[in-house]
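# Structural description and commentary
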Amino acid sequence: MRISYDLKSYRRKAILLSFIAQLVVVLLVLDNWACASVDMTEWTLVDPYDKWQYTNPTPESGRMDETTSSGSVGPGWIVSDFQLPDVPEVVSFSLTVEVTGGRDDDIIGFGFGYQDNTHFYLVDWKENRQDYNWGDSVAVNDDTAEQGIKLKKIDGSWTRDGLWGGTDGLGVSTLAGPVDGDWANNTLYQFEVALTPERIVIKLDGSELLNIEDSSFRGGSIFLYGFSQDNIVFSNVTPEPATFIFLCLGALMLLRTKR
C-alpha cells in the first residue's frame, strides 16, 4: 500500500512539474518575443454573398479583395482560427488596418467576441457619408452610413442595411459612434482593444477612441471585415502578453487532454 501511494504521489508531482516546465517555456518565449503576432494563414473566409476572396495570407498579414464591382459587394468576414479566452480579467489585442490604393470610400473594420455569424461586436469605419438602400427587409430603416468609426453589436439576425447604417430593428444596434472622421488610402492604422468583464475600450494609434459599458459577448474569435471596399490589408494581429499566456495555456491543456 505504501509503494502504491508513493507511486501515485510521484506521478502527481511529475505531472505538475511537467506542466510548470511547459509554462516556464511559454513565459521565456513571451519574455523574448514581447508581444507575439498570431499566424493568419489558417483564418476562414465567411462570405454570405460570394463576393470576397482572402488573398495570399501570410503569417503576418491578410488581404480582403472584392471579386466583383463594389456596388454589389456586401459584408464579408475573415475569422481567426483561435478564440480569445473568456476570463474575468483584461483581455486585449491589437492589429493594423490599411487600404492600399483604389478610389472607393466604403467600410473597413474588424470585430471580436465572434460566437457565430449572428453574435459578435463589430468596429467599422466609413470614409465618407453615404445613403444606400441594400433592399433587405428591416424593422427599422437606416440606410445612412455616416463618416467615421462605429462600434456595433450584432445579437441575432442581421441585414445588409443594418450593418451598413447601424440598426435594423432585428439584430444590429450601434453602441457608440461615429467618431474620428475619415480614413485615408495607403495609411496604416493601429487599433488596440481591451475587454474587461464590463467594459470595451478601443484605442486608435495610441489614443482612446471609445470606452463603453457592455458585456454581452466575451471570449470568441477575432475577425477582419470589409463592406463594399476593395484592397483592405490587415496585419500584426497581436494578443497582448497576458492574453497570449491564456491562449498558450489553453493549447497546452488541449495537448495534455489528447495524451
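Structure: above.
Treat the numbers as computed from the prediction; the structure is a model and nothing was measured.

Time to look at the side chain of D168. Mapped onto the fold, D168 is located in the loop between α2 (160-165) and β11 (172-179). For D168, which is buried and forms no salt bridge, the nearest opposite charge comes from K152, at a distance of 9.9 Å. Setting aside residues no more than four positions away along its own chain, D168 makes contact with V138, A139, V140, S157, W158, T159 and G162.

Moving on, we get to the packing of aromatic side chains. Enumeration over the complete set of coordinates arrives at 21 aromatic pairs. Seen in terms of ring centroids, W134 and F227 are 5.0 Å apart; in terms of plane orientation they differ by 45°. Their pairing is tilted. With a gap of 93 residues between them, W134 in the loop between β8 (130-131) and β9 (144-145) and F227 in strand β15 (residues 220-227) connect regions that are remote in the sequence. When its relative accessible area of 0% is taken as the criterion, F227 is described as buried. Through a chain of ring-to-ring contacts, the aromatic side chains of F93, F110, F112, Y121, W125, Y189, F191 and F217 assemble into a single cluster.

Another point: the nonpolar core. If you look at the biggest cluster of nonpolar residues, it comprises 41 residues, and the most contacted ones within it are W43, L95, F112, L151, F191, I202 and L224. Per-element tally for this core: the top contributor is strand β5 (residues 91-99), with 5 residues. Contacts of W43, omitting those with residues within four sequence positions, involve V38, Y54, I78, V79, S80, D81, F82, I222, L224 and V237. Counting residues in each nonpolar core, the second largest holds 16 residues, with W158, L163, W164 and Y225 among its members.

Reading the values: rules and limits
Residues numbered from 1 in each chain as written. Predicted model: local features only at pLDDT ≥ 70, side-chain atom pairs only at ≥ 80, totals over all residues. Heavy atoms only, no water. Helix = DSSP H or I, 4+ residues; strand = E, 2+ residues; numbered from the N terminus. Buried < 20%, exposed > 50% of the residue type's maximum accessible area, 1.4 Å probe, protein only. Lys, Arg positive; Asp, Glu negative; His and termini not counted. Salt bridge = Lys/Arg side-chain N within 4 Å of Asp/Glu carboxyl O. Contact = heavy atoms within 4.5 Å. Phe/Tyr/Trp six-rings, centres within 6.5 Å; stacked < 30°, edge-to-face > 60°. Core = buried A, V, L, I, M, F, W, Y, C linked by side-chain atoms within 4.5 Å.

Keep in mind these numbers describe shape, not what the thing actually does.
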